[in-house]
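Residues per chain are reported as follows:
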Amino acid sequence: QRAEAERGHTKYVVFDCAERLRRMDATLVHSLMHLDELSGSNICTVLVSNVNREELEPMLCARPSVRVHFEPYTKEQTHQILDKWVPTGARKDLWSGCVNMVMNVFWGQCKSLSDLNDIMASLYPKFAAPIIAGDATVGDTARLFRLLKPHFRVASS
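Residues numbered from 1 in each chain as written. Predicted model: local features only at pLDDT ≥ 70, side-chain atom pairs only at ≥ 80, totals over all residues. Heavy atoms only, no water.

Engineer: Lay out helix H2 (residues 26-33) in plain terms, naming residues and giving numbers.
Structural biologist: Listed as buried for H2 are Val29, Leu32 and Met33. What you see down the axis of H2 is that its buried residues fit within an arc of 100°, all on one side. Capping the start of H2 is the job of one residue whose side-chain oxygen sits 3.2 Å from the backbone nitrogen of Thr27: Asp25. (Buried < 20%, exposed > 50% of the residue type's maximum accessible area, 1.4 Å probe, protein only. Helix = DSSP H or I, 4+ residues; strand = E, 2+ residues; numbered from the N terminus. Arc of directions from axis to C-beta. Polar contact = N/O pair within 3.5 Å; in protein donor to acceptor, adjacent residues only side chain to side chain.)

Right, here's the structure in full:
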């Protein structure tokens, strides 16, 4: 009875960073694109990618696809997301201060959430060190900026 009830429901298989599937065996990718036919179930395969559709075309096995475009995050949305991604062991107040500085310095040249998160990961220890040592406070933005300035160039390359 359960199988009958579920037969009408669509199941979704979502592949984030789908461009990585290009490096996989063609037979496996072909099978993933045809899960509905192979399983006899109502399965929808969703590919999430930052590359152009044309680069994924060989993987799609001539299946019809729907392109869905999502607007990029605003500066405020990006700031809120980064502010919530506090790594284990990091102090929330220091993380938030570092997010403020990174957003002010890098937002004009980098709007990628994953790249900004990588920058945060590399700069947070350098941001937190003088505060933890008692040489600065989170509010000493000018001083912290001067201390981090050499690291900004490295992080942006």
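Engineer: Any details on the environment of Trp107? Residues and values, ideally.
Structural biologist: Among the secondary structure elements, Trp107 is positioned in the loop between helix H6 (92-106) and helix H7 (113-132). As a C-alpha pair, Trp107 and Pro125 span 18 residues in sequence and 20 Å in three-dimensional space. If we ignore the near neighbours within four places in the chain, the residues touching Trp107 are Tyr73, Thr74, Lys75, Thr78, Val102 and Leu116. (Contact = heavy atoms within 4.5 Å.)

Engineer: With reference to specific residues and values, describe the pattern of salt bridges.
Structural biologist: For the structure on display, the rule yields three salt bridges. Here Arg22 makes a salt bridge to Glu55, at a shortest N to O gap of 3.3 Å. With Arg22 in the loop between strand E1 (11-15) and H2 and Glu55 in helix H4 (residues 53-56), this residue pair connects regions lying 33 residues apart in the sequence. Among the residues examined, Glu55 registers a relative accessible area of 38% and is labelled partly exposed. (Salt bridge = Lys/Arg side-chain N within 4 Å of Asp/Glu carboxyl O.)

Engineer: Outline the layout of surface pockets, listing residues and values.
Structural biologist: By volume, the largest pocket is sized at about 1600 Å³. Looking at the largest pocket, it is lined by 36 residues, and the ones nearest its centre are Leu47, Val48, Ser49, Val68 and Phe70. Sorting the residues of the lining of the largest pocket by element identifies helix H3 (35-39), strand E2 (43-47), H4 and H7 as the ones contributing at least two each. Among the elements that take part in the lining of the largest pocket, E2 stands out by supplying five residues, more than any other. (1 Å grid on protein atoms, 1.4 Å probe; cavity = no way out; pocket = protein on both sides within 12 Å on 5 of 7 lines; lining within 4 Å. Points joined across faces, edges and corners; volume = space filled by probe spheres on them.)

Engineer: Could you give an account of the packing of helix H5 (residues 75-84) against H6, with specific residues and numbers?
Structural biologist: As a packed pair, H5 and H6 sit with axes 9 Å apart at the nearest point and diverge in direction by 150°. On the basis of their axis angle, the class for H5 and H6 is roughly antiparallel. Like other packed secondary-structure pairs, H5 and H6 cross with a definite hand, here right-handed. Taken together, the residues of H6 that come into contact with H5 (itself represented by Lys75, Thr78, His79, Leu82 and Asp83) are Lys92, Trp95, Ser96, Val99, Asn100, Met103 and Asn104. In the contact of H5 with H6, the residues fall into four nonpolar, five polar and three charged. (Axes fitted to C-alpha atoms, helices over the stretch in contact; angles between N-to-C directions. Parallel < 35°, antiparallel > 145°, perpendicular 65-115°, else oblique. Left-handed = near helix turned anticlockwise from the far one by under 90°. Nonpolar A, V, L, I, M, F, W, Y, C, P; charged D, E, K, R; others polar.)

Engineer: Would you mind going over the environment of Ile132 in detail, with residue names and values included?
Structural biologist: Within the element layout of this structure, Ile132 appears in helix H7. The sequence separation of Ile132 and Glu19 amounts to 113 residues, and the corresponding C-alpha distance is 41 Å.

Note that all results are geometric; they support no functional claim without further evidence.
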